[in-house]
Amino acid sequence: MALQNLLGPLPVETFVSDSFSRYWANEIDTLGLASQRRHVCAFGEFPEISGIDPNHDVVLVLNGTNSGVCPRDLDWIFPDRAGLVIADAVSAAFTRRIDYDRTDVLCWSWQKALGGEGGHGMIALSPRAQARLKAGEVRPVARLLKLHNADGSVNEAFFGGRTISTPSMFAVEDIHSALDWAEACGGLPALLNRVADNYAVMADWVDSTPWIDWTCTDPASRSACSITLRVLAEQLAVGERDYGEIARRMTRLLEAEGAAFDIWSYGDAPPGFRIWAGPTVEFEDLSILCEWLDWAYSEASQDSTPPGASVVHPGSFPSFDTSAVQPRADPAHRLPGAPPESPASQTLADCYDAILFDATGVLVRGNDALPGAADILARLNKAGQPYYIVTNISSGSDETILARLRGAGLPIPAVDHIVSAGGIARRRVLEELAAGRVVSYLGSSQAAHDVFGKHPNLRCADAAETFDTLVVLDDEGFDFKQAADRILSIFQRRLEETGEIPGMIAANADTIYPSKDGSLIFGPGIIWPMLEAGLAPFAAPPISIEFMGKPGKAIFDECVARAGTKRLLMVGDQLDTDIKGAKAAGLDALLVTTGLNSFGELRQDESSAADFVAKNLNQIFDGSLFPRLRSGKHSSTTNQV
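One structure accompanies this document, and this report is about it. (Residues numbered from 1 in each chain as written. Predicted model: local features only at pLDDT ≥ 70, side-chain atom pairs only at ≥ 80, totals over all residues. Heavy atoms only, no water.)

Let us now look at the overall build of the protein. A count of helices and strands for the protein gives 17 helices and 25 strands. Burial status across the protein gives 51% buried among its 641 residues. Of the accessible surface of the protein, which amounts to about 28,500 Å², a share of 52% is contributed by carbon and sulfur atoms. (Helix = DSSP H or I, 4+ residues; strand = E, 2+ residues; numbered from the N terminus. Buried < 20%, exposed > 50% of the residue type's maximum accessible area, 1.4 Å probe, protein only. Areas by Shrake-Rupley, 256 points an atom, 1.4 Å probe, with all protein chains shown as cover.)

What follows is about the packing of aromatic side chains. The description of an aromatic ring pair rests on the distance of the ring centres and on the angle between the ring planes. Tallying each qualifying case throughout the model produces 10 aromatic pairs. Ring geometry for Phe 15 versus Phe 46: centroids 5.8 Å apart, planes at 10 degrees, classification stacked. Of the two residues, Phe 15 is situated in strand S1 (residues 12-15) and Phe 46 in the loop between strand S2 (36-39) and strand S3 (57-61); the sequence distance between them amounts to 31 residues. Taking the relative accessible area as the measure of exposure, Phe 46 reaches 14% and is therefore buried. Chaining the aromatic ring pairs together yields one cluster made of Phe 15, Phe 46 and Trp 76. Directly above the ring of Trp 276 sits Lys 112, whose terminal nitrogen or CZ lies 4.8 Å from the centroid. (Phe/Tyr/Trp six-rings, centres within 6.5 Å; stacked < 30°, edge-to-face > 60°. Lys NZ or Arg CZ within 6 Å of the ring centre and 35° of its normal.)

Here the focus is the side chain of Ser 226. Tracing the backbone through its elements, the reader meets Ser 226 in strand S8 (residues 226-231). Judged by relative accessible area, which is 3%, Ser 226 ranks as buried. Beyond its immediate chain neighbours, meaning those up to four positions away, Ser 226 contacts Asn 63, Gly 64, Thr 65, Gly 68, Ser 91, Ile 275 and Trp 276. (Contact = heavy atoms within 4.5 Å.)

Attention now goes to unusual backbone geometry. In the segment running from Lys 550 into Pro 551, the intervening peptide bond is cis, with an omega of 10 degrees. Backbone geometry at Asp 262 places phi at a positive 60 degrees, although glycine is not the residue there. Position of Asp 262 relative to the elements: it lies in the loop between helix H7 (243-256) and strand S9 (272-276). On the basis of relative accessibility, which here comes to 58%, the residue Asp 262 falls in the exposed class. The phi angle at Ala 539 is positive, at roughly 55 degrees, despite the residue not being glycine. With respect to the helices and strands, Ala 539 occurs in the loop between helix H14 (527-535) and strand S21 (545-547).

Sheets are built from strands paired through backbone hydrogen bonds, the pairs being either parallel or antiparallel. One open sheet accounts for 6 strands, arranged S2-S1-S3-S4-S5-S6; its pairing is mixed. Bordering the open sheet on either side are S2 and strand S6 (121-125), each of which pairs with just one other strand. With strand direction ignored, the average angle separating the axes of adjacent strands in the sheet is 15 degrees. Bridging between strand S4 (residues 85-88) and strand S5 (residues 105-109) involves 3 bridges; their strand directions are parallel. Within S5, the position partnered with Asp 88 by the bridge is Cys 107. Along the sheet face, helix H2 (residues 19-30) touches S1, S2, S3 and S4 and points at about 160 degrees away from the line of S2. Across the face of the sheet, helix H3 (residues 127-135) comes into contact with S3, S5 and S6 while running at roughly 85 degrees to S6. (Pairing = 2+ DSSP bridges. Axes fitted to C-alpha atoms, helices over the stretch in contact; angles between N-to-C directions.)

Moving on: the packing of helix H6 (residues 187-207) against helix H8 (residues 283-300). For the pair H6 and H8, the least separation of the axes is 9 Å and the interaxial angle reads 20 degrees. If you check the angle between H6 and H8, you find them roughly parallel. At the point where H6 passes H8, the crossing takes the right-handed sense. Two secondary-structure elements touch here, H6 through Asp 197, Asn 198, Val 201, Met 202 and Trp 205 and H8 through Phe 283, Leu 286, Ser 287, Cys 290, Leu 293 and Asp 294. Split into classes, the residues belonging to the contact of H6 with H8 amount to 7 nonpolar, 2 polar and 2 charged. (Parallel < 35°, antiparallel > 145°, perpendicular 65-115°, else oblique. Left-handed = near helix turned anticlockwise from the far one by under 90°. Nonpolar A, V, L, I, M, F, W, Y, C, P; charged D, E, K, R; others polar.)

Turning our attention to H14. Every buried residue of H14 is accounted for by Ile 527, Leu 531 and Leu 535. Across the axial projection of H14, the buried residues extend over an arc of 60 degrees, all falling on one side. (Arc of directions from axis to C-beta.)

One finds Leu 356, Val 429, Phe 452, Phe 556, Leu 568 and Leu 587 to be the most contacted residues of the largest nonpolar core, which totals 39 residues. Ranked by the residues each element gives to this core, the list is headed by helix H11 (residues 421-434), at 6 residues. Ignoring anything within four residues of it in the chain, the contact list for Val 429 reads Val 439, Phe 452, Leu 458, Val 471 and Ile 505. Counting residues in each nonpolar core, the second largest holds 33 residues, with Cys 351, Leu 569, Leu 590 and Ile 620 among its members. (Core = buried A, V, L, I, M, F, W, Y, C linked by side-chain atoms within 4.5 Å.)

Reading across the sheet, the 5 strands line up as S16-S15-S17-S18-S21 and stay open at both edges, with parallel pairing between neighbours. The sheet is open, and its two edges are formed by strand S16 (458-460) and S21, each paired on a single side. On average, adjacent strands in this sheet sit at an angle of 25 degrees to one another, irrespective of strand direction. Contacts between H11 and the sheet are confined to strand S15 (439-442), S16, strand S17 (469-472), strand S18 (503-506) and S21, with S18 contributing the most and set at about 150 degrees to the helix.

Now for helix H9 (residues 373-383). Taken residue by residue, H9 has Ala 373, Ile 376, Leu 377 and Leu 380 as its buried positions. Buried residues in H9, looked at end-on, bunch into an arc of 95 degrees, giving them a common side. Every exposed residue of H9 that faces more than 90 degrees away from the buried side is listed here: Asp 375 and Lys 382. Looking at the buried positions of H9, the neighbouring elements they touch are strand S10 (354-357), strand S13 (387-391) and helix H17 (619-622). Where H9 ends, the next residue or the one after it, Gly 384, has phi of about 75 degrees, a positive value.

Take the state of the cysteines next. Counted under the stated rule, the structure contains 0 disulfides. Sulfur of Cys 70: no disulfide; nearest cysteine sulfur belongs to Cys 216 and is 7.3 Å away. Relative accessible area serves as the criterion here: at 5%, Cys 70 is assigned to the buried category. (Disulfide = S-S within 2.5 Å.)

Attention shifts here to the environment of Asp 75. Assignment of secondary structure puts Asp 75 in the loop between S3 and S4. Placed 27 residues apart in sequence, Asp 75 and Arg 102 show a C-alpha to C-alpha distance of 7.8 Å.

Below, the discussion takes up the pattern of salt bridges. This model, assessed by the stated rule, comprises 23 salt bridges. A salt bridge links Glu 465 to Arg 486; the shortest N-O distance between them is 3.2 Å. Taken together, the residues span a long stretch of sequence, with Glu 465 in the loop between S16 and S17 and Arg 486 in helix H13 (residues 480-498) at a distance of 21 residues. The class of Glu 465 is exposed, set by a relative accessible area of 55%. Exposure remark for Arg 486: the relative accessible area of 30% places this residue in the partly exposed category. In this structure, Asp 611 engages Lys 583 in a salt bridge whose closest nitrogen and oxygen atoms are separated by 2.8 Å. Within this pair, whereas Asp 611 is found in the loop between strand S23 (588-592) and strand S24 (612-614), its partner Lys 583 is found in helix H16 (residues 575-584), the two being separated by 28 residues in sequence. A single network of salt bridges, built from pairs that share partners, joins Arg 428, Glu 431, Glu 432, Arg 437 and Glu 546. (Salt bridge = Lys/Arg side-chain N within 4 Å of Asp/Glu carboxyl O.)

As for its placement among the helices and strands, Thr 391 is situated in strand S13. Judged by its relative accessible area of 1%, Thr 391 falls in the buried class. Sequence-distant contacts of Thr 391, that is, excluding residues within four places in its chain, are made with Asp 358, Ala 359, Ile 401, Val 419, Ser 420, Ala 421, Lys 550 and Ile 555.

Keep in mind these numbers describe shape, not what the thing actually does.
What follows is the structure, encoded as C-alpha cells:
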C-alpha cells in the first residue's frame, strides 16, 4: 500500500537484507513504481549503508524474520532528508526501539510480536509522508490500497477506523487483549526486556554449543527476537553426513515429540533453525527448547545419510547428470550401480528434501481427490515433510487453485504449497504489459483477470483484432478450439503486414489430459502445433514460445528456489510434461499410473524416462517402487508392481 501510493517522484534505494525486502524490491520493479537502486549483501548480513543519497526514498526491513538481520541503527538516515523512509516493521514493532524521527512510513502486523490473529496490520504515516500524498499526482491504485481521496487529500477516515469491508471482530478484540496484557507487563520497556532475556538464553546456549552458530555473525546487526541459527558443517563428517539432513531430522524429531514446530530455517537460508523469541515467549521455555535441541542433535547425528545421497551445501546442488539418491530397489529390479544395502526402514520420501506433486491425474480428477491422495498429504503434513503442488492449471490464481484443491478434500496447509503455471506466467505477462505490448489470452476472462488482474492491453483472444503476444491459459470455461481459427488469421495477417508473427507464452502446455470419465481430450497446449501447421504453407518462421508451466524450466526453477535445494522428487502422470520437464531440470521423477498413463505398456525414451514407476502414491512410503530399466525395454513382468 505504501509503495504504490508514495513511490514515484524520487528514485528509491532498497536494502535487500532478507527474503521479504527482496519481495518489496521485486514489486517495485514489477509494477514500475520508481527508479530503483538495490543494496545487496550475503545472506546473514545487512547491506553497506554508505553513499546513501538524502534526495532518494529508502525502503528497508527493520527486522528480518528469516535472516535474523536488522540494521544496527538508523543514524545514517539524514533528519533533513528530501526522500521518504518506508519501513517494514512487521516484526520490529514491540520487539525493538524504533527511531521515529528517521522513518516516515511504518507497517506492522498484529500477528507477529503480540501473537494476534493474522491477516490484519497497521500503517502509520509521518507528516512528511502525508505531504507527499497531498502534493503528488493521484495515480491509479486499487481501491483496497488507496490512502488518498479522489482529490488527492489524505483519507483521514481510513486512519480513523473506517474500513472498506467488515474486519474480523474476533481479531480486533484479540489485539485489544494483547495490548492489555502488554500494558499489564509494564508497557514497551517491559516487552523489550522480555526480548532481551530471551535473546540472552539463546546466546548462552549458542556460545556453549560447538555444532551451532548464528546465521548473522555480527552481533550489532543481529535480531534479538528472530533467532536464526546454522548447523556448523565442520562439526560433522562432511562427505559422510549431509548437515542439512541433520537439521531436517532434528526438526522432525522435535515435532514428533511436540517440543517445537515450524523451526526449520527459511527457504533460502543455510540449513538450520528459525526460532521466534518475541515478548510473548517465556525465557524458561526457550531454556527447555535448548535442551530438546541438544537431545535431537544427538539422536539425528547417530544416523547416517541414506547410501548414495548427495551432500547438499548452501548455494550448491547435486550435478544434473546424476540422480540425487539411489534408494534400495527390490532385489530383482535393483538399478545398475545401486548400493547393495540400505536401511530396511528407509522409504523413497525419506531420500528427498521435498516432494513435488502434479495435481490433475495424481491428486485429483475433476473436482474430486483421487483415492489415497488426501491421506498422503496428511501424512506429509504430520511428518513436516515439505511438498509442493506443481500444476499447469491456469484457470485462476494460486489462491483460487488452493481453494479448489481444498474443496476436493486435500489438506493443503497454505498457498505457498501451490506452484502454478499461471502464477509463473503472471510475471512475464506483466513484463509484456509494462513494455506497452498488447497481450491476448486464450482462456476465460475470469481466469485471466484472476491471474493477471485487469489492464487495457490485456484482451481476450475471442475478441482481439491484433496482439503482440498470445498467452495460453486453461480451457476451463472456454472453448479454445472455437478461437483457433480467429487466432490463426491474426497470425497470418501479422505475417503478411510485418513479416513477423506474435510470440507465445504457454502457461498450460498440456496437449492432452484425462477427462472426468477417463477418456482423453485435447488440452490448450495443442494450439501451438495447430498454429505451426496452419502457418506452414506461408513459409512462416517458427513461433517463439516460452513455456512457463511443465515441461518448461521456469516452473521447476521456482520449486528449487522455494525448497532451497535441488534434491526434489517430481511425482506426475504425464511423460511429456511432468517427467520430461523434471528430468530436464535435473530432478528425479516418479511416474504414477493413476492418470494419463493408466493404460497400456509404457514406452519411454532415454531422455524422458522416469526414475521410478508406481501404481499409487502409497508406494512413496512402502518401499515397493519399480525403477526403470536402463535398457529401455519394459516387459509385462517388470513394468508393474
